[in-house]
Amino acid sequence: MPDAHHPSEALMTLPGNHEQIPATAGGARAALARGSALRFVLLIGVVSLFSDMAHEGARSITGPFLGSLGASGLIVALVAGTGELLGYALRFVFGYAADRTGKYWPITAVGHLVQMAAVPLLALAGHWPAAAVLIIAERSGRAMRNPARDAMLAHATSELGRGWVFGMREALDAVGAMAGPLIVAVVLALHGGYRVGFAGLALPAVLTLVVLACAWRQYPRPADLDIGENIPDRHGIPRAFWIYLTGMGLIAAAYADYPLIAYHFGKAHIIATPWIPVLYAGAMAAEALAALALGRLFDRWGVRTVVAATLLTVCFPPLVFLGGTAAAVAGVVLWGLGMAVQESVVRAAVTGMVGSQRRASAFGLFDTGFGACWFAGSLALGALYDRSETDLVILSVVLQTAAIPLLLAVRRTR
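Residues numbered from 1 in each chain as written. Predicted model: local features only at pLDDT ≥ 70, side-chain atom pairs only at ≥ 80, totals over all residues. Heavy atoms only, no water.

Peer 1: Before we move on, can you summarise the nonpolar core with the specific residues and values?
Peer 2: Core analysis: the biggest nonpolar cluster contains 99 residues, and Tyr244, Tyr258, Ile261, Phe265 and Trp335 have the highest contact counts within it. Counting residues per element, this core draws most heavily on helix α14 (residues 325-351), which supplies 13 residues. What Ile261 contacts, discounting residues up to four positions off in sequence, is Ala256, Phe316, Val320, Phe321, Val332 and Trp335. Phe65, Ala71, Ile75 and Val79 belong to the second largest nonpolar core, which has 20 residues in total. (Core = buried A, V, L, I, M, F, W, Y, C linked by side-chain atoms within 4.5 Å. Buried < 20%, exposed > 50% of the residue type's maximum accessible area, 1.4 Å probe, protein only. Helix = DSSP H or I, 4+ residues; strand = E, 2+ residues; numbered from the N terminus. Contact = heavy atoms within 4.5 Å.)

What follows is the structure, given as C-alpha coordinates:
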(Lines give C-alpha, C1' and ligand atoms only; values in the text may rest on other atoms or scores of the structure.)
Protein backbone atom coordinates (compact mmCIF):
# COMPACT_ATOMS: atom_id res chain seq x y z
CA MET A 1 0.00 0.00 0.00
CA PRO A 2 1.49 3.41 -0.91
CA ASP A 3 2.81 5.54 1.96
CA ALA A 4 0.23 8.21 2.83
CA HIS A 5 3.06 10.71 3.30
CA HIS A 6 4.23 10.15 -0.29
CA PRO A 7 1.20 10.57 -2.57
CA SER A 8 3.48 10.73 -5.60
CA GLU A 9 4.03 7.00 -5.16
CA ALA A 10 0.39 6.28 -6.09
CA LEU A 11 -0.09 3.43 -8.50
CA MET A 12 -1.34 3.95 -12.03
CA THR A 13 -2.56 1.62 -14.79
CA LEU A 14 -1.85 2.38 -18.43
CA PRO A 15 -4.47 1.66 -21.12
CA GLY A 16 -4.04 -1.76 -22.67
CA ASN A 17 -1.72 -2.77 -19.82
CA HIS A 18 -3.08 -4.13 -16.56
CA GLU A 19 0.22 -3.84 -14.72
CA GLN A 20 0.28 -1.11 -12.05
CA ILE A 21 3.44 0.91 -11.55
CA PRO A 22 4.38 3.85 -9.31
CA ALA A 23 3.63 7.18 -10.95
CA THR A 24 7.13 8.35 -10.01
CA ALA A 25 8.82 5.58 -11.95
CA GLY A 26 9.34 7.91 -14.90
CA GLY A 27 11.46 5.68 -17.11
CA ALA A 28 9.35 2.56 -16.60
CA ARG A 29 6.16 4.57 -17.03
CA ALA A 30 7.39 6.09 -20.30
CA ALA A 31 8.42 2.68 -21.66
CA LEU A 32 5.07 1.12 -20.76
CA ALA A 33 3.18 4.08 -22.20
CA ARG A 34 5.08 3.80 -25.45
CA GLY A 35 4.53 0.04 -25.60
CA SER A 36 0.82 0.45 -24.91
CA ALA A 37 0.50 3.07 -27.66
CA LEU A 38 2.42 0.86 -30.09
CA ARG A 39 0.16 -2.13 -29.42
CA PHE A 40 -2.91 0.02 -30.03
CA VAL A 41 -1.54 1.30 -33.35
CA LEU A 42 -0.63 -2.23 -34.46
CA LEU A 43 -4.09 -3.54 -33.56
CA ILE A 44 -5.75 -0.78 -35.58
CA GLY A 45 -3.26 -1.46 -38.37
CA VAL A 46 -4.18 -5.16 -38.46
CA VAL A 47 -7.86 -4.17 -38.60
CA SER A 48 -7.00 -2.02 -41.62
CA LEU A 49 -5.01 -4.87 -43.17
CA PHE A 50 -7.90 -7.35 -43.08
CA SER A 51 -10.44 -4.67 -44.00
CA ASP A 52 -8.49 -3.63 -47.09
CA MET A 53 -7.92 -7.25 -48.02
CA ALA A 54 -11.70 -7.61 -48.17
CA HIS A 55 -12.88 -4.38 -49.75
CA GLU A 56 -9.93 -3.80 -52.12
CA GLY A 57 -10.21 -7.40 -53.25
CA ALA A 58 -13.88 -6.76 -54.01
CA ARG A 59 -13.19 -3.46 -55.77
CA SER A 60 -10.75 -5.15 -58.12
CA ILE A 61 -13.65 -7.06 -59.75
CA THR A 62 -16.79 -4.99 -59.12
CA GLY A 63 -16.58 -3.37 -62.57
CA PRO A 64 -16.59 -6.57 -64.61
CA PHE A 65 -19.03 -8.16 -62.14
CA LEU A 66 -21.57 -5.39 -62.77
CA GLY A 67 -21.01 -5.88 -66.49
CA SER A 68 -21.74 -9.60 -66.15
CA LEU A 69 -25.08 -8.66 -64.54
CA GLY A 70 -26.05 -6.54 -67.52
CA ALA A 71 -24.89 -3.08 -66.42
CA SER A 72 -23.65 -0.71 -69.13
CA GLY A 73 -20.35 1.15 -69.01
CA LEU A 74 -22.22 4.29 -67.96
CA ILE A 75 -23.86 2.43 -65.07
CA VAL A 76 -20.51 1.04 -63.93
CA ALA A 77 -18.95 4.50 -63.95
CA LEU A 78 -21.98 6.02 -62.21
CA VAL A 79 -22.01 3.41 -59.44
CA ALA A 80 -18.27 3.72 -58.86
CA GLY A 81 -18.38 7.51 -58.91
CA THR A 82 -21.38 7.72 -56.58
CA GLY A 83 -19.77 5.30 -54.15
CA GLU A 84 -16.54 7.28 -54.04
CA LEU A 85 -18.34 10.61 -53.70
CA LEU A 86 -20.44 9.34 -50.78
CA GLY A 87 -17.38 7.64 -49.35
CA TYR A 88 -15.82 11.07 -48.89
CA ALA A 89 -18.82 13.40 -48.53
CA LEU A 90 -20.30 11.52 -45.57
CA ARG A 91 -17.08 11.66 -43.56
CA PHE A 92 -17.74 15.15 -42.24
CA VAL A 93 -21.19 14.07 -41.02
CA PHE A 94 -19.86 11.05 -39.13
CA GLY A 95 -16.75 12.86 -37.91
CA TYR A 96 -18.90 15.64 -36.46
CA ALA A 97 -21.22 13.05 -34.90
CA ALA A 98 -18.26 11.28 -33.27
CA ASP A 99 -16.97 14.51 -31.71
CA ARG A 100 -20.43 15.57 -30.54
CA THR A 101 -21.35 12.24 -28.98
CA GLY A 102 -17.96 10.87 -27.98
CA LYS A 103 -19.04 7.49 -29.41
CA TYR A 104 -15.85 6.91 -31.36
CA TRP A 105 -15.74 3.14 -30.90
CA PRO A 106 -19.46 2.49 -31.66
CA ILE A 107 -19.35 4.62 -34.83
CA THR A 108 -16.13 2.91 -35.96
CA ALA A 109 -17.62 -0.53 -35.28
CA VAL A 110 -20.90 0.13 -37.11
CA GLY A 111 -19.00 1.50 -40.11
CA HIS A 112 -16.80 -1.60 -40.27
CA LEU A 113 -19.82 -3.87 -39.84
CA VAL A 114 -21.68 -2.25 -42.74
CA GLN A 115 -18.60 -2.37 -44.96
CA MET A 116 -17.60 -5.93 -44.15
CA ALA A 117 -21.15 -7.26 -44.50
CA ALA A 118 -21.55 -5.69 -47.96
CA VAL A 119 -18.49 -7.41 -49.47
CA PRO A 120 -19.45 -11.12 -49.18
CA LEU A 121 -23.13 -10.30 -49.81
CA LEU A 122 -22.13 -9.32 -53.36
CA ALA A 123 -21.83 -13.05 -54.01
CA LEU A 124 -25.63 -13.27 -53.64
CA ALA A 125 -26.53 -10.28 -55.85
CA GLY A 126 -28.59 -11.52 -58.79
CA HIS A 127 -29.13 -8.18 -60.55
CA TRP A 128 -26.96 -5.13 -61.03
CA PRO A 129 -29.19 -2.76 -58.98
CA ALA A 130 -28.74 -5.01 -55.93
CA ALA A 131 -24.99 -5.14 -56.49
CA ALA A 132 -24.92 -1.35 -56.91
CA VAL A 133 -26.63 -0.85 -53.55
CA LEU A 134 -24.07 -3.10 -51.84
CA ILE A 135 -21.14 -1.34 -53.53
CA ILE A 136 -22.41 2.06 -52.41
CA ALA A 137 -23.10 0.68 -48.91
CA GLU A 138 -19.51 -0.54 -48.67
CA ARG A 139 -18.18 2.93 -49.52
CA SER A 140 -20.62 4.53 -47.05
CA GLY A 141 -19.46 2.21 -44.27
CA ARG A 142 -15.90 3.30 -44.97
CA ALA A 143 -16.98 6.93 -44.69
CA MET A 144 -18.61 6.22 -41.33
CA ARG A 145 -15.65 4.58 -39.65
CA ASN A 146 -12.64 6.53 -40.94
CA PRO A 147 -12.86 9.90 -39.08
CA ALA A 148 -13.67 8.30 -35.71
CA ARG A 149 -10.92 5.69 -36.15
CA ASP A 150 -8.32 8.30 -37.10
CA ALA A 151 -9.31 10.49 -34.16
CA MET A 152 -8.72 7.55 -31.79
CA LEU A 153 -5.45 6.69 -33.51
CA ALA A 154 -4.23 10.27 -33.08
CA HIS A 155 -4.15 9.76 -29.30
CA ALA A 156 -1.12 7.51 -29.73
CA THR A 157 0.90 10.17 -31.56
CA SER A 158 2.19 11.90 -28.43
CA GLU A 159 4.16 8.75 -27.55
CA LEU A 160 5.20 7.55 -31.00
CA GLY A 161 5.18 10.56 -33.33
CA ARG A 162 2.40 11.63 -35.67
CA GLY A 163 4.05 10.57 -38.91
CA TRP A 164 5.13 7.19 -37.56
CA VAL A 165 1.68 6.33 -36.16
CA PHE A 166 -0.19 7.05 -39.38
CA GLY A 167 2.64 5.64 -41.46
CA MET A 168 2.50 2.28 -39.65
CA ARG A 169 -1.26 2.06 -40.02
CA GLU A 170 -1.10 2.91 -43.71
CA ALA A 171 1.70 0.41 -44.31
CA LEU A 172 -0.42 -2.42 -42.90
CA ASP A 173 -3.42 -1.08 -44.81
CA ALA A 174 -1.45 -1.19 -48.06
CA VAL A 175 -0.35 -4.78 -47.39
CA GLY A 176 -4.01 -5.76 -47.24
CA ALA A 177 -4.77 -3.71 -50.36
CA MET A 178 -2.03 -5.64 -52.14
CA ALA A 179 -3.08 -9.08 -50.90
CA GLY A 180 -6.83 -8.77 -51.57
CA PRO A 181 -6.66 -8.32 -55.37
CA LEU A 182 -4.01 -11.03 -55.63
CA ILE A 183 -6.27 -13.47 -53.75
CA VAL A 184 -9.14 -12.66 -56.10
CA ALA A 185 -6.82 -13.02 -59.11
CA VAL A 186 -5.88 -16.52 -57.96
CA VAL A 187 -9.55 -17.45 -57.55
CA LEU A 188 -10.31 -16.24 -61.07
CA ALA A 189 -7.26 -18.03 -62.46
CA LEU A 190 -8.63 -21.24 -60.96
CA HIS A 191 -11.95 -20.53 -62.73
CA GLY A 192 -13.78 -19.85 -59.48
CA GLY A 193 -15.75 -16.92 -60.88
CA TYR A 194 -16.68 -13.56 -59.40
CA ARG A 195 -19.15 -14.94 -56.86
CA VAL A 196 -16.61 -17.36 -55.43
CA GLY A 197 -14.16 -14.49 -55.19
CA PHE A 198 -16.61 -12.35 -53.19
CA ALA A 199 -17.53 -15.30 -50.97
CA GLY A 200 -13.88 -16.01 -50.24
CA LEU A 201 -13.46 -12.45 -48.97
CA ALA A 202 -15.83 -13.28 -46.09
CA LEU A 203 -12.82 -14.65 -44.14
CA PRO A 204 -10.83 -11.37 -43.99
CA ALA A 205 -14.14 -9.56 -43.38
CA VAL A 206 -14.80 -11.67 -40.27
CA LEU A 207 -11.19 -11.30 -39.10
CA THR A 208 -11.58 -7.51 -39.42
CA LEU A 209 -14.46 -7.52 -36.96
CA VAL A 210 -12.75 -9.96 -34.57
CA VAL A 211 -9.57 -7.90 -34.29
CA LEU A 212 -11.62 -4.70 -34.01
CA ALA A 213 -13.52 -6.20 -31.05
CA CYS A 214 -10.21 -7.13 -29.40
CA ALA A 215 -8.88 -3.59 -29.86
CA TRP A 216 -12.07 -2.10 -28.39
CA ARG A 217 -11.89 -4.43 -25.39
CA GLN A 218 -8.22 -3.71 -24.67
CA TYR A 219 -8.42 0.04 -25.30
CA PRO A 220 -11.93 1.23 -24.38
CA ARG A 221 -10.58 4.77 -23.81
CA PRO A 222 -7.86 5.54 -26.39
CA ALA A 223 -7.77 9.12 -25.06
CA ASP A 224 -5.87 7.75 -22.04
CA LEU A 225 -2.91 7.21 -24.38
CA ASP A 226 -2.62 10.98 -24.88
CA ILE A 227 0.10 11.40 -22.24
CA GLY A 228 2.04 14.61 -22.76
CA GLU A 229 0.13 15.82 -25.84
CA ASN A 230 -0.24 19.60 -25.63
CA ILE A 231 -2.25 20.88 -28.58
CA PRO A 232 -4.61 23.69 -27.62
CA ASP A 233 -8.28 22.99 -28.27
CA ARG A 234 -8.87 25.98 -30.53
CA HIS A 235 -12.31 27.30 -31.30
CA GLY A 236 -12.98 26.65 -34.97
CA ILE A 237 -10.53 25.44 -37.59
CA PRO A 238 -7.18 27.27 -37.89
CA ARG A 239 -6.17 29.10 -41.06
CA ALA A 240 -3.32 26.64 -41.68
CA PHE A 241 -5.89 23.86 -42.07
CA TRP A 242 -7.64 25.66 -44.93
CA ILE A 243 -4.38 26.45 -46.71
CA TYR A 244 -3.35 22.82 -46.35
CA LEU A 245 -6.70 21.57 -47.61
CA THR A 246 -6.48 23.85 -50.66
CA GLY A 247 -3.02 22.58 -51.53
CA MET A 248 -3.95 18.93 -51.05
CA GLY A 249 -7.20 19.53 -52.96
CA LEU A 250 -5.15 20.58 -55.99
CA ILE A 251 -3.12 17.38 -55.69
CA ALA A 252 -6.32 15.34 -55.37
CA ALA A 253 -7.72 16.91 -58.54
CA ALA A 254 -4.46 16.14 -60.35
CA TYR A 255 -4.38 12.48 -59.34
CA ALA A 256 -5.59 9.98 -61.93
CA ASP A 257 -7.56 7.00 -60.62
CA TYR A 258 -5.95 3.62 -61.17
CA PRO A 259 -8.93 2.43 -63.27
CA LEU A 260 -8.10 5.19 -65.78
CA ILE A 261 -4.43 4.22 -65.68
CA ALA A 262 -5.36 0.56 -66.19
CA TYR A 263 -7.70 1.53 -69.03
CA HIS A 264 -4.82 3.37 -70.72
CA PHE A 265 -2.45 0.41 -70.31
CA GLY A 266 -4.98 -1.90 -71.95
CA LYS A 267 -5.94 0.48 -74.73
CA ALA A 268 -2.35 1.39 -75.62
CA HIS A 269 -1.14 -2.23 -75.14
CA ILE A 270 1.64 -1.02 -72.85
CA ILE A 271 1.06 -3.64 -70.15
CA ALA A 272 -0.37 -7.11 -70.85
CA THR A 273 -3.86 -7.49 -69.38
CA PRO A 274 -3.00 -10.22 -66.80
CA TRP A 275 -0.22 -8.02 -65.42
CA ILE A 276 -2.34 -4.91 -64.85
CA PRO A 277 -3.73 -6.05 -61.44
CA VAL A 278 -0.28 -7.35 -60.53
CA LEU A 279 1.12 -3.89 -61.24
CA TYR A 280 -1.55 -2.43 -58.95
CA ALA A 281 -0.43 -4.83 -56.23
CA GLY A 282 3.12 -3.59 -56.81
CA ALA A 283 1.91 -0.01 -56.36
CA MET A 284 0.37 -1.03 -53.03
CA ALA A 285 3.69 -2.60 -51.99
CA ALA A 286 5.44 0.66 -52.85
CA GLU A 287 2.78 2.51 -50.85
CA ALA A 288 3.40 0.31 -47.80
CA LEU A 289 7.16 0.91 -47.80
CA ALA A 290 6.78 4.60 -48.57
CA ALA A 291 4.27 5.09 -45.74
CA LEU A 292 6.81 3.89 -43.17
CA ALA A 293 9.63 6.02 -44.58
CA LEU A 294 7.46 9.11 -45.00
CA GLY A 295 6.11 8.72 -41.47
CA ARG A 296 9.62 8.87 -40.02
CA LEU A 297 10.55 11.81 -42.25
CA PHE A 298 7.41 13.72 -41.30
CA ASP A 299 8.32 13.57 -37.63
CA ARG A 300 11.59 15.34 -38.56
CA TRP A 301 10.57 17.65 -41.40
CA GLY A 302 6.84 18.17 -40.95
CA VAL A 303 4.88 19.37 -44.00
CA ARG A 304 8.09 19.70 -45.99
CA THR A 305 7.90 15.92 -46.37
CA VAL A 306 4.72 16.36 -48.40
CA VAL A 307 6.46 18.97 -50.57
CA ALA A 308 9.42 16.68 -51.26
CA ALA A 309 7.11 13.79 -52.16
CA THR A 310 5.06 16.02 -54.48
CA LEU A 311 8.23 16.98 -56.36
CA LEU A 312 8.58 13.26 -57.15
CA THR A 313 4.93 12.41 -57.84
CA VAL A 314 4.64 15.28 -60.31
CA CYS A 315 6.66 13.00 -62.62
CA PHE A 316 4.16 10.12 -62.63
CA PRO A 317 1.66 11.48 -65.26
CA PRO A 318 4.16 11.75 -68.16
CA LEU A 319 5.72 8.41 -67.25
CA VAL A 320 2.37 6.61 -67.09
CA PHE A 321 0.52 8.22 -70.01
CA LEU A 322 3.31 9.14 -72.41
CA GLY A 323 6.02 6.53 -71.79
CA GLY A 324 6.64 2.92 -72.70
CA THR A 325 6.51 -0.18 -70.50
CA ALA A 326 9.51 0.63 -68.28
CA ALA A 327 8.36 4.23 -67.83
CA ALA A 328 4.84 3.05 -66.99
CA VAL A 329 6.12 0.75 -64.25
CA ALA A 330 8.21 3.57 -62.77
CA GLY A 331 5.23 5.90 -63.01
CA VAL A 332 2.97 3.49 -61.12
CA VAL A 333 5.57 3.20 -58.34
CA LEU A 334 5.55 7.00 -58.01
CA TRP A 335 1.74 6.90 -58.06
CA GLY A 336 1.91 4.52 -55.09
CA LEU A 337 4.26 6.94 -53.33
CA GLY A 338 1.66 9.68 -53.72
CA MET A 339 -1.05 7.43 -52.31
CA ALA A 340 1.14 6.83 -49.26
CA VAL A 341 1.35 10.59 -48.71
CA GLN A 342 -2.41 11.04 -49.01
CA GLU A 343 -3.25 8.22 -46.62
CA SER A 344 -0.61 8.71 -43.93
CA VAL A 345 1.33 11.95 -43.45
CA VAL A 346 -1.63 14.08 -44.53
CA ARG A 347 -3.50 12.88 -41.44
CA ALA A 348 -0.41 13.37 -39.32
CA ALA A 349 -0.37 17.04 -40.32
CA VAL A 350 -4.07 17.52 -39.55
CA THR A 351 -3.57 15.90 -36.14
CA GLY A 352 -1.19 18.69 -35.15
CA MET A 353 -3.53 21.46 -36.28
CA VAL A 354 -6.54 20.78 -34.03
CA GLY A 355 -7.19 19.73 -30.46
CA SER A 356 -8.37 16.23 -29.59
CA GLN A 357 -12.00 17.30 -29.11
CA ARG A 358 -12.29 18.37 -32.75
CA ARG A 359 -10.13 15.88 -34.59
CA ALA A 360 -12.85 13.60 -35.96
CA SER A 361 -14.66 16.65 -37.34
CA ALA A 362 -11.40 17.96 -38.83
CA PHE A 363 -10.57 14.60 -40.41
CA GLY A 364 -14.09 14.36 -41.81
CA LEU A 365 -14.03 17.91 -43.16
CA PHE A 366 -10.63 17.40 -44.73
CA ASP A 367 -11.65 14.11 -46.37
CA THR A 368 -14.88 15.63 -47.67
CA GLY A 369 -13.05 18.52 -49.33
CA PHE A 370 -10.30 16.24 -50.58
CA GLY A 371 -12.82 13.77 -52.01
CA ALA A 372 -14.83 16.47 -53.77
CA CYS A 373 -11.65 17.72 -55.48
CA TRP A 374 -10.70 14.15 -56.38
CA PHE A 375 -14.12 13.51 -57.92
CA ALA A 376 -14.06 16.75 -59.94
CA GLY A 377 -10.50 16.08 -61.05
CA SER A 378 -11.34 12.52 -62.09
CA LEU A 379 -14.11 13.77 -64.34
CA ALA A 380 -11.82 16.41 -65.87
CA LEU A 381 -8.93 14.00 -66.40
CA GLY A 382 -11.23 11.39 -67.93
CA ALA A 383 -12.67 13.93 -70.37
CA LEU A 384 -9.20 15.16 -71.29
CA TYR A 385 -7.95 11.61 -71.85
CA ASP A 386 -10.60 11.07 -74.53
CA ARG A 387 -9.33 14.19 -76.29
CA SER A 388 -5.59 14.18 -75.67
CA GLU A 389 -3.32 12.26 -73.32
CA THR A 390 -0.88 15.16 -73.47
CA ASP A 391 -3.53 17.58 -72.21
CA LEU A 392 -4.23 15.24 -69.29
CA VAL A 393 -0.54 15.19 -68.38
CA ILE A 394 -0.24 18.97 -68.59
CA LEU A 395 -3.23 19.54 -66.30
CA SER A 396 -2.01 17.00 -63.75
CA VAL A 397 1.51 18.43 -63.65
CA VAL A 398 0.28 22.04 -63.42
CA LEU A 399 -2.12 21.31 -60.55
CA GLN A 400 0.48 19.41 -58.52
CA THR A 401 3.06 22.14 -59.10
CA ALA A 402 0.55 24.83 -58.05
CA ALA A 403 0.05 23.00 -54.75
CA ILE A 404 3.68 23.32 -53.67
CA PRO A 405 3.64 27.05 -52.70
CA LEU A 406 0.52 26.44 -50.62
CA LEU A 407 2.13 23.52 -48.81
CA LEU A 408 5.21 25.64 -48.09
CA ALA A 409 2.92 28.30 -46.60
CA VAL A 410 1.61 25.91 -43.98
CA ARG A 411 3.67 26.36 -40.85
CA ARG A 412 5.30 23.25 -39.51
CA THR A 413 3.15 21.71 -36.76
CA ARG A 414 4.59 19.39 -34.13
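Peer 1: So what's going on with a nonpolar patch on the surface? Residues and values would help.
Peer 2: Residues Leu182, Trp275 and Val278 make up a contiguous nonpolar surface patch of about 290 Å² in total accessible area. Among the structural elements, Trp275 can be located in the loop between α10 (258-268) and α11 (276-301). Relative accessible area serves as the criterion here: at 56%, Trp275 is assigned to the exposed category. (Patch = residues over 30% accessible without salt bridge, like charges linked within 9 Å, V, L, I, M, F, W, Y side chains within 5 Å. Areas by Shrake-Rupley, 256 points an atom, 1.4 Å probe, with all protein chains shown as cover. Salt bridge = Lys/Arg side-chain N within 4 Å of Asp/Glu carboxyl O.)

Peer 1: How would you explain the pattern of salt bridges if you had to name every residue and give the values?
Peer 2: Taken as a whole, this structure holds 11 salt bridges when the rule is applied. Residues Asp150 and Arg149 are paired through a salt bridge, measuring 2.8 Å at the closest nitrogen-oxygen approach. A salt bridge links Arg347 to Asp150; the shortest N-O distance between them is 2.8 Å. Taken together, the residues Arg347 in helix α14 and Asp150 in helix α4 (residues 128-153) connect sequence positions 197 residues apart. Take Arg347 and Asp150: they sit in the same class, and that class is buried. A single network of salt bridges, built from pairs that share partners, joins Arg91, Arg149, Asp150, Glu343, Arg347 and Asp367.

Peer 1: Report on the confidence of the model for the protein, specifying residues and quantitative values.
Peer 2: Counting all residues, the mean pLDDT for the protein is 85, and 89% of those residues have values of 70 or more. Highest mean pLDDT in the protein belongs to helix α8 (residues 202-218) (97); lowest belongs to strand β1 (residues 11-13) (47). (pLDDT = per-residue confidence, 0-100.)

Peer 1: Report on the environment of Leu66, specifying residues and quantitative values.
Peer 2: As for its position among the elements, Leu66 is in helix α1 (residues 26-68). Judged by its relative accessible area of 2%, Leu66 is buried. Along the sequence, Leu66 and Ala132 sit 66 residues apart, while their C-alpha atoms lie 7.9 Å from each other. Excluding its chain neighbours within four sequence positions, the residues that come into contact with Leu66 are Ala71, Val76, Val79, Trp128, Ala131, Ala132 and Ile135.

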